[in-house]
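Fold and contact review
Here's the letter readout for the chains.
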Amino acid sequence: MRTFRLVIACPDRVGIVAKVSNFLASHNGWITEASHHSDNQSGWFFMRHEIRADSLPFGIEAFREAFAPIAQEFSMDWRITDTEQKKRVVLMASRESHCLADLLHRWHSDELDCEIACVISNHDDLRSMVEWHGIPYYHVPVNPQDKEPAFAEVSRLVKQHDAEVVVLARYMQILPPDLCSEYAHKVINIHHSFLPSFVGAKPYHQASMRGVKLIGATCHYVTEELDAGPIIEQDVVRVSHSDSIEDMVRFGRDVEKMVLARGLRYHLEDRVLVHGNKTVVF
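This report concerns the structure included in the present document. Values in this document were obtained by computation on a predicted structure and should not be read as measured data.

1. Quick notes on the overall build of the protein
Summing up its helical and strand segments, the protein has eight helices and 13 strands in all. If one aligns the C-alpha atoms of the protein with their principal axes, the spans along those axes are about 60 × 40 × 35 Å. Burial status across the protein gives 48% buried among its 282 residues. Sequence separation of 24 or more characterises 67% of the internal contacts of the protein that already satisfy a separation of 6 or more. Summing over all exposed atoms, the protein offers an accessible surface of approximately 13900 Å²; the carbon and sulfur share of this is 50%. Side chains of the protein give 30 positive and 39 negative charges; the mean places of these two sets differ by 3 Å.

2. Points about the state of the cysteines
Here the structure, examined in full by the defined rule, presents zero disulfides. Its sulfur unpaired, Cys-180 is 15 Å from the next cysteine sulfur, which belongs to Cys-219.

3. A few points about the sheet that holds strand E2 (residues 31-39)
Read across the sheet, four strands follow the order E2-E3-E1-E4 without closing on themselves; strand pairing throughout is antiparallel. Two strands bound the open sheet, and with one partner strand each, they are E2 and strand E4 (77-82). The sheet shows a mean angle of 5° between the axes of neighbouring strands, taken without regard to direction. The strands touched by helix H2 (residues 60-73) are strand E1 (3-11) and E4; relative to E4, the strand with the most contacts, the crossing angle is about 165°.

4. What to know about the packing of helix H1 (residues 16-26) against H2
Relative to each other, H1 and H2 sit at 160°, their axes nearing to 11 Å. Taken together, the axes of H1 and H2 are roughly antiparallel relative to one another. In terms of crossing hand, the pair formed by H1 and H2 is right-handed. Within the contact between the two elements, H1 uses Lys-19, Val-20, Phe-23 and Leu-24 and H2 uses Phe-63, Ala-66, Phe-67, Ile-70 and Glu-73. For the contact of H1 with H2, the class distribution of residues is seven nonpolar, no polar and two charged.

5. Comments concerning the pattern of salt bridges
Summed over all chains, the structure comprises 29 salt bridges. Between Glu-61 and Arg-64 there is a salt bridge, with its nearest N and O atoms 2.6 Å apart. Taken together, the residues span about one helical turn, with Glu-61 and Arg-64 both in helix H2 at a distance of three residues. With a relative accessible area of 31%, Arg-64 lands in the partly exposed category. Across the pair Arg-250 and Asp-247 runs a salt bridge whose closest N-O atoms are separated by 3.1 Å.

6. Some points on the nonpolar core
Leu-91, Leu-100, Leu-103, Val-167, Ile-188 and Leu-260 are the most contacted members of the largest nonpolar core, which totals 31 residues. Looking at this core, the elements with two or more residues in it are strand E5 (87-93), helix H3 (98-108), strand E6 (114-121), strand E8 (165-168), strand E9 (187-191), strand E10 (214-221) and helix H8 (245-268). Sorting elements by how many residues they give to this core places H8 first, with six residues. With near-sequence residues (within four places) excluded, Leu-100 lies in contact with Leu-91, Ala-93, Val-119, Leu-126, Met-129, Val-130 and Ala-169.

7. Quick look at the environment of Tyr-266
Mapped onto the elements of the fold, Tyr-266 is located in helix H8. Overall, the relative accessible area of 21% leaves Tyr-266 in the partly exposed class. For the pair Tyr-266 and Ser-193, spaced 73 residues apart in sequence, the C-alpha separation works out to 20 Å. Each residue touching Tyr-266, except ones within four places of it in the same chain, is listed here: Ile-232, Glu-233, Arg-271, Val-272 and Val-281.

8. Considerations on unusual backbone geometry
Notably, Asp-162 is not glycine yet its phi reads approximately 50°, a positive angle. Mapping Asp-162 onto the fold places it in the loop between helix H5 (148-160) and E8. Overall, the relative accessible area of 52% leaves Asp-162 in the exposed class. A positive phi angle, close to 65°, is found at His-185, a residue other than glycine. Relative to the helices and strands, His-185 is located in the loop between helix H6 (177-182) and E9.

9. A word on H2
Between its terminal C-alpha atoms H2 stretches 20 Å, which fits the 20 Å expected from 14 residues at 1.5 Å a residue. The largest bend in H2 amounts to roughly 40° and is located at Phe-67, with the proline Pro-69 lying one to four residues further along. Buried within H2 we find Ile-60, Phe-63, Phe-67, Ile-70 and Ala-71. Among the structural elements, E1, H1 and E4 are those in contact with the buried residues of H2. With its phi angle positive at about 55°, Ser-75 sits one or two positions after the end of H2.

Analysis parameters
- Residues numbered from 1 in each chain as written.
- Predicted model: local features only at pLDDT ≥ 70, side-chain atom pairs only at ≥ 80, totals over all residues.
- Heavy atoms only, no water.
- Helix = DSSP H or I, 4+ residues; strand = E, 2+ residues; numbered from the N terminus.
- Buried < 20%, exposed > 50% of the residue type's maximum accessible area, 1.4 Å probe, protein only.
- Contact = heavy atoms within 4.5 Å.
- Areas by Shrake-Rupley, 256 points an atom, 1.4 Å probe, with all protein chains shown as cover.
- Lys, Arg positive; Asp, Glu negative; His and termini not counted.
- Charge placed at Lys NZ, Arg CZ, Asp CG, Glu CD.
- Disulfide = S-S within 2.5 Å.
- Pairing = 2+ DSSP bridges.
- Axes fitted to C-alpha atoms, helices over the stretch in contact; angles between N-to-C directions.
- Parallel < 35°, antiparallel > 145°, perpendicular 65-115°, else oblique.
- Left-handed = near helix turned anticlockwise from the far one by under 90°.
- Nonpolar A, V, L, I, M, F, W, Y, C, P; charged D, E, K, R; others polar.
- Salt bridge = Lys/Arg side-chain N within 4 Å of Asp/Glu carboxyl O.
- Core = buried A, V, L, I, M, F, W, Y, C linked by side-chain atoms within 4.5 Å.
- Expected span 1.5 Å × (residues − 1).
- Bend = angle between axes of the 7 residues up to and from the residue.

This is the structure in structure tokens:
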């Protein structure tokens with residue numbers, strides 16, 4: 001069923017829900033899902049509504065025009081999206097295939113409602129798997145002594161394919177600050193650790209040395225500060241003293257796939273609202 005997704009964040013005050021609901025009701029809008037959250041600490045209010053598109057007398061552009069006065073009255077940061085217009089996704093990977101293969105499988109099985117425009121990698125190892133799915137594959141090597149030309153090409157490809165979201169499916173390069181800034185809250189990363197613990201390289205080795213009982217993965221938006229962006233989703237798996245580092249890596253790969261897929265799905269479904277360095281996920 002085609003729906004419009006209305007997502008709102010604004011300073012909290014009396015009457016927000018009533019105003020939005022009355023607007024929708026006055027146009028015979030049929031709400032199929034409604035989520036609200038009031039953050040007492042920040043004083044902000046967050047809302048997400050799904051409305052049946054066929055219940056409204058106008059399209060999405062007319063909706064934007066009609067709703068604009070309410071948005072201005074309540075100083076809303078808002079957007080309205082149409083489920084008929086699938087978001088375009090660019091996937092980036094290096095040599096490890098588990099996250100990329102999982103996302104491709106979910107997309108191939110219609111579990112992810114998006115268009116995968118292309119895959120960009122700094123290695124050529126995964127080309128055959130990607131091209132089997134009929135998706136363009138771009139090999140963009142990164143010179144450790146001069147990374148700027150590679151990331152200029154990455155930026156060009158992302159723009160060329162009109163990407164609305166970029167997913168780092170175990171892409172083992174740090175994006176430059178200008179790319180992070182240009183695509184703020186549009187670049188999703190999976191970190192193979194339960195952030196903020198064990199940041200950086202070899203988190204499973206760090207976890208093993210600490211004798212941890214839980215390992216996990218964190219899906220977050222990429223920012224200029226490494227591994228410190230707003231967190232979208234996390235999960236954990238229990239381990240014990242009898243598990244080797246290799247066991248932890250294997251368990252970790254499983255949880256990485258699940259967490260990245262859920263995080264991407266939440267983003268595609270407009271369920272993630274960012275405020276400061278925190279998220280509200282409906």
